[in-house]
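Single-letter residue listing:
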Amino acid sequence: MTPILHHYETSPFAELVRAAMGLKRLAWHSVIIPNIMPKPDLVELTGGYARTPVLQIGADIYCDTAAILQALEAHSPEPSLYPAPLGTLHKVMASWAGGPQFMAHVGAAMGPMPEGAMPPAFVEDRKARFGLDVAALGKATPHLVSQVLTAANWLDASLADGRAFVGGEAPGHADLAFYSNIWFVRGIPFAKATTEAIFAHPNLAAWYDRVRALGHGTRSEISADEAIAIAAAATPAPVKGSIDAPFSAGQLVKVRTDGSGDAPVAGALAQLDPTGIILKRTGARCGEVAVHFPRLGQMVLPG
Ligand SMILES: N[C@@H](CCC(=O)N[C@@H](CS)C(=O)NCC(=O)O)C(=O)O
């Protein structure tokens, strides 16, 4: 079944997944979603999760890049996103890149934007959902740039022994996570000074070109309605994992991103173990779907 990515062009986490499609040389369908709320077609599939990106394989819906990359790895194991010798350590590095370093890169890139450069509706959305304070961001920018340049220095030093990628000769999840942060800064003209400071690191600059050369695989556009029809016609894949105590199979729970005001997703528990969370739920248009989350960073609440 062809993977479907629900995304928009300027999202760094979406770029991470597009690059994963390139690494695996996959053919995939693209559904463009709004970059602000509301997102009714996306929420029809997820049950509430509204971040970007979301992956769909038939009636299985994957929220968060951690769950998405794991799904792509299972869908198409070679070449691996977790090559030796780092293997699963790629996830550890990607969670740092996608956590504190993501905030630093986005802040460093957007902080220098003059007032009015961001559309008012975008500013309002990010204020309501993530507490964006444009004036405070402007003041924090020098600090955030220092965090970005520390990561750039570490990455450059890691590559100084001549390795092609973070873990050696083969690219993996960590490369994509570092790359997508830098890709975002590089795409904002107001952040030119920071971009130049990042790319002044020669090992990093050559590595960036190697990751970019992975491409995005073979992309073809479909509509949100078509994606929802594909979910309605499909059945969720069999669940392989187990359920950790004190929860039980079929129990109604809510899953919410830890530390966020994001809407929770309600459903019947089908899996809850260190490899991930799966809820079964039914949407009016998509029918029964299995919604997948990573275990790290998600809170599971009874009822
Ligand atoms: N931990 C999530 C983070 C996703 C995330 O925060 N994405 C940003 C865009 S890059 C987002 O959802 N912004 C709000 C939106 O797109 O509506 C992941 O790894 O996928």
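Up top is the structure these notes are about.
The following paragraphs examine the structure supplied in this document.

Criteria and thresholds
Residues numbered from 1 in each chain as written. Predicted model: local features only at pLDDT ≥ 70, side-chain atom pairs only at ≥ 80, totals over all residues. Heavy atoms only, no water. Phe/Tyr/Trp six-rings, centres within 6.5 Å; stacked < 30°, edge-to-face > 60°. Helix = DSSP H or I, 4+ residues; strand = E, 2+ residues; numbered from the N terminus. Buried < 20%, exposed > 50% of the residue type's maximum accessible area, 1.4 Å probe, protein only. Lys NZ or Arg CZ within 6 Å of the ring centre and 35° of its normal. Pairing = 2+ DSSP bridges. Axes fitted to C-alpha atoms, helices over the stretch in contact; angles between N-to-C directions.

## A short note on the packing of aromatic side chains
For the structure on display, the rule yields six aromatic pairs. Between Trp 96 and Phe 178, the ring centres sit 6.1 Å apart and the planes meet at 75°, which makes this aromatic pair edge-to-face. Taken together, the residues Trp 96 in helix 4 (residues 89-98) and Phe 178 in helix 8 (residues 173-186) connect sequence positions 82 residues apart. Trp 96 gets classed as partly exposed once you look at its relative accessible area, which sits at 30%. Here Phe 178 falls in the buried class, since its relative accessible area comes to 13%. Ring geometry for Phe 199 versus Tyr 208: centroids 4.9 Å apart, planes at 80°, classification edge-to-face. On the accessibility criterion, Tyr 208 (1% relative accessible area) is buried. An aromatic cluster of at least three residues, connected via ring pairs, comprises Trp 96, Trp 154 and Phe 178. A cation sits over an aromatic face here: Lys 91 above Tyr 82, 5.2 Å from the ring centre.

## Details of the sheet that holds strand 7 (residues 265-273)
Strands belonging to one sheet form pairs held by backbone hydrogen bonds; the direction of such a pair is parallel or antiparallel. Taken in spatial order, the 10 strands line up as 5-2-1-3-4-9-8-7-6-10 in an open sheet, and their pairing is mixed. Of all the strands in the sheet, the pair left with one neighbour each is strand 5 (218-221) and strand 10 (298-302). The average angle at which neighbouring strand axes cross in this sheet is 35°, direction not considered. Where strand 6 (residues 252-257) meets strand 7, four bridges bridge the pair, whose relative direction is antiparallel. Along strand 7, the bridge assignment pairs Lys 254 with Ala 266.

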